[in-house]
Amino acid sequence: MHEKCGVVGISLADRDAARPLYYSLYALQHRGQEAAGIVTHDGFQQYDHVDTGLVGDVFDNDDLEQLNGPNGIGHVRYPTQGGLGECCAQPFSVSFKSGSLGLAHNGNLVNTEEVRQELATLGHAFTSNGDTEVIAHDLARNLLEEDLVRAVKSTMSRIHGSYSLTIMHDETVMGVRDPQGNRPLCIGELDDGYVIASESAAIDTLDGELIREVEPGELVVLHPDGSGYDTYQLVEQENTAHCFFEHVYFARPDSVINDELVYEVRRELGRHLWEESGVDTDVVMPVPDSGRSFASGYAEAANEAGNDVEFAEGLMKNRYVGRTFIMPTQDERERAVRLKLNPIKSTIEGQSVTVIDDSIVRGTTSTQLVELLRDAGASEVHVRIGAPPIIAPCYLGIDMASRDELIAADRTIDEIRDEILADSLSYLSIDAITEALGKDHEDLCLGCVTEEYPYDIDGEELDRDIARPQIDSVANADD
Ligand code: AMP
């Protein structure tokens, strides 16, 4: 199950956390539109409201008023094909002997089955096939025998994969990031408390200050009275495995991820795209909204190099159409692109055009787009893409389609160009990605563009020396 989601956790001095959680989920809506949920605690009991739908539809005033307490966590869930259902909406909550537990997860474990089977033999019953429930059960079991910090450490020693979690044990809110920091997670300060969120845009929305990233392998425990937080570096790993695609597509441009403003990284990638494969055309235009920052960097670099390129909006987006990915059939996806984008003929007619997007996945968008621009009278259509060809699936939380659906999985760039009927097509190199992000190859997850993953995934190549936890022999982590 792919869970490309948004998580948040808040502890405040003496006001209810429900509304700030609700606003933060709005800020994280781009990370998941299938379902949303909030779980709060008032020191006595846990309250929850979780449902399918967009944040604005899931909660009304009454719902928020019933979510009592100054501590809470929230979650927005990404739509997965055929994966709709309340069974998988989060935060996941359980009550057990030593209290209540709520858990919100962004990422994807790669050893869920092993941990689930081990817990099942110990008598744990599961209500979903999701990995979040497995983490919750493992943690609940550890909490019967260990204090909070040791219990989290024990769970971290058994689960393998990508996870940025917000957790609430009774009224204590925590944030945990997997030892390689695959998905983002950051801490922020509010006037009267603290917040942990997937992206800093959620902190901005609350008028808070970004303090820093949660470090890979780190646990952050917020004081339930909003007065501060404690941190514990529970697992050390030599290299990180930050998902490069967060910077390219997924995160909001106004978020700071891994200490970089996403907007600036995308503009820098656009500049690299010009340097690597610039073509002199009358007009440069973005695919809205995902290509916009790339196109502005690209056009700026083109003009600095002495060209006279016009940066124009040639495509208008109908923002009320859902993401093309939600459509289950190829036919519906193709129609959705037409519904979603309409050309502004005056900027296109008779012009040679460079159109820039962040990525090509199945090729639906680019194919439709080239046709759309030619129909609108473009004399040439050149496609430039701000990421390398996506040749393999993501097992770590981004719904990227399977290999047989990925247009670049078994085609050369020339073959793809033939298929989308562009005059030319270029992707960005992996070197440009590492340079713009200021990270070594060894500190990024580039699995979908290299077919080598920094996590041990059945049937895939491992790009580094990482051992999976041995479930049978590791019952508890060393102190
Ligand atoms: P495709 O039409 O299948 O080639 O997908 C490429 C388009 O979808 C681009 O415009 C991207 O901005 C967008 N995109 C890329 N990755 C994803 C994803 N994981 N989920 C939804 N949209 C995506």
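The structure presented is a predicted model; accordingly, all values stated were derived computationally and were not measured.

Chemist: What is the right way to look at the packing of aromatic side chains in this model?
Modeler: Describing an aromatic ring pair means giving the distance of the ring centres and the angle of the ring planes. Per the counting criterion, the structure on display carries nine aromatic pairs. Ring plane angle 65° and centroid distance 5.4 Å describe the contact between Y194 and Y229, whose orientation is recorded as edge-to-face. One end of the pair, Y194, is in strand 10 (residues 193-197); the other, Y229, is in strand 13 (residues 229-233), with 35 residues separating them in the sequence. When its relative accessible area of 24% is taken as the criterion, Y229 is described as partly exposed. Ring centres 6.4 Å apart and planes at 10° place the aromatic pair Y249 and F250 in the stacked group. Classification of F250 as buried rests on a relative accessible area of 2%. By the ring-pair criterion, three or more aromatic residues cluster together here, those being Y22, Y23, Y26 and F59. Across from the ring centre of F126, 5.6 Å away, lies the NZ or CZ of R116, which sits over that ring.

Chemist: Even after reading the chapter, I still don't get the side chain of E34, so can you show me in this structure?
Modeler: When you line up the elements, E34 lands in the loop between helix 1 (18-27) and strand 2 (35-41). A polar atom in the side chain of E34 sits 2.6 Å from the side chain of R77.

Chemist: What's the story with the packing of helix 9 (residues 262-277) against helix 14 (residues 430-437) in this structure? I'm lost.
Modeler: Geometrically, a packed helix pair is captured by the angle between its two axes and the distance between the axes. It is at 9 Å that the axes of helix 9 and helix 14 come closest, and there the two elements cross at 145°. In this structure, the crossing between helix 9 and helix 14 has a hand that is right-handed. Residues V265, E268, L269, H272 and E276 of helix 9 lie in contact with helix 14, whose contacting residues are A432, I433, E435, A436 and L437. Tallied by class, the residues present in the contact of helix 9 with helix 14 amount to six nonpolar, one polar and three charged.

Chemist: Please explain the site of the ligand as it appears in this structure.
Modeler: Around the ligand, 17 residues are found, and the nearest of them are D357, D358, R362, G363 and T365. Here an oxygen atom of the ligand sits 3.0 Å away from a polar atom, N or O, in the side chain of S290. Taken by itself the ligand offers 500 Å² of open surface, and the protein chains cover 95% of this. Elements that contribute at least two residues to the shell around the ligand include exactly helix 8 (244-250) and helix 12 (364-375). For the shell around the ligand, the per-class residue count stands at seven nonpolar, five polar and five charged.

Chemist: What is the right way to read the domain arrangement of the protein from this model?
Modeler: For an interface, size is often stated in terms of accessible area lost upon the parts coming together. Considered domain by domain, the protein is made up of domain 1 (6-237) and domain 2 (263-439 + 450-476). The C-alpha-based centres of domain 1 and domain 2 are spaced at 31 Å.

Chemist: Could you clarify how one ought to interpret the nonpolar core in this entry?
Modeler: A general tendency of soluble globular proteins is for nonpolar side chains to be buried together. By size, the foremost hydrophobic cluster in this structure holds 71 residues, and its most contacted members are F244, V355, L373, V383 and I433. It is helix 10 (residues 292-304) that contributes the most residues to this core, six residues altogether. If we skip the residues at most four places from it in the chain, V383 touches V355, V370, I420, A422, S424, L425 and S426. Listed in part, the 26 residues of the second largest apolar core include L25, A36, V58 and I203.

Chemist: So what exactly am I meant to see when it comes to helix 12 here?
Modeler: Residue pairs three or four apart in sequence face the same way in an α-helix, which turns once every 3.6 residues. Its 12 residues place the ends of helix 12 17 Å apart at the C-alpha level, agreeing with the 16 Å of an ideal helix rising 1.5 Å per residue. Within helix 12, burial applies to T364, S366, Q368, L369, V370, L372 and L373. Just downstream of helix 12 lies G377, where phi reads positive at about 100°.

Chemist: Just checking my understanding: could you explain the environment of G226 for this structure?
Modeler: Considering the arrangement of structural elements, one finds G226 in the loop between strand 12 (218-222) and strand 13. By relative accessible area, which is 11% here, G226 ends up buried. G226 sits 214 residues away from L12 along the chain, and the two C-alpha atoms are 4.2 Å apart. Every residue in contact with G226, bar those within four places of it in the chain, is listed here: S11, L12, A13, D192, G193 and Y194.

Chemist: Looking at this structure, I do not really get a negative patch on the surface. What am I missing?
Modeler: On the surface, E189, D191, D204, D207 and E209 cluster together into a negatively charged patch. Counting through the fold element by element, D204 comes out in helix 7 (residues 200-205). What makes D204 partly exposed here is its relative accessible area of 42%.

Chemist: What am I meant to see in unusual backbone geometry here?
Modeler: One can expect most non-glycine residues to show negative phi and most peptide bonds to be in trans. In this chain, Q90 is followed by P91 through a cis amide linkage whose omega measures 5°. Tracing the sequence through the fold places P91 in the loop between strand 4 (71-77) and strand 5 (92-96). D289 follows P288 through a cis peptide bond whose omega is -10°. With respect to the secondary-structure elements, D289 resides in the loop between strand 17 (283-286) and helix 10. At D259, a position not held by glycine, the phi torsion is positive, near 70°. Within the secondary structure, D259 is located in the loop between strand 15 (256-257) and strand 16 (260-261). If you check the backbone angles, L421 has positive phi at about 60° while not being a glycine. Among the secondary structure elements, L421 is positioned in the loop between helix 13 (413-420) and strand 23 (424-427).

Criteria and thresholds
Residues numbered from 1 in each chain as written. Predicted model: local features only at pLDDT ≥ 70, side-chain atom pairs only at ≥ 80, totals over all residues. Heavy atoms only, no water. Phe/Tyr/Trp six-rings, centres within 6.5 Å; stacked < 30°, edge-to-face > 60°. Helix = DSSP H or I, 4+ residues; strand = E, 2+ residues; numbered from the N terminus. Buried < 20%, exposed > 50% of the residue type's maximum accessible area, 1.4 Å probe, protein only. Lys NZ or Arg CZ within 6 Å of the ring centre and 35° of its normal. Polar contact = N/O pair within 3.5 Å; in protein donor to acceptor, adjacent residues only side chain to side chain. Axes fitted to C-alpha atoms, helices over the stretch in contact; angles between N-to-C directions. Left-handed = near helix turned anticlockwise from the far one by under 90°. Contact = heavy atoms within 4.5 Å. Nonpolar A, V, L, I, M, F, W, Y, C, P; charged D, E, K, R; others polar. Near = heavy atom within 4 Å. Areas by Shrake-Rupley, 256 points an atom, 1.4 Å probe, with all protein chains shown as cover. Domains from an automatic or database assignment. Core = buried A, V, L, I, M, F, W, Y, C linked by side-chain atoms within 4.5 Å. Expected span 1.5 Å × (residues − 1). Patch = residues over 30% accessible without salt bridge, like charges linked within 9 Å, V, L, I, M, F, W, Y side chains within 5 Å. Salt bridge = Lys/Arg side-chain N within 4 Å of Asp/Glu carboxyl O. Lys, Arg positive; Asp, Glu negative; His and termini not counted. Charge placed at Lys NZ, Arg CZ, Asp CG, Glu CD.

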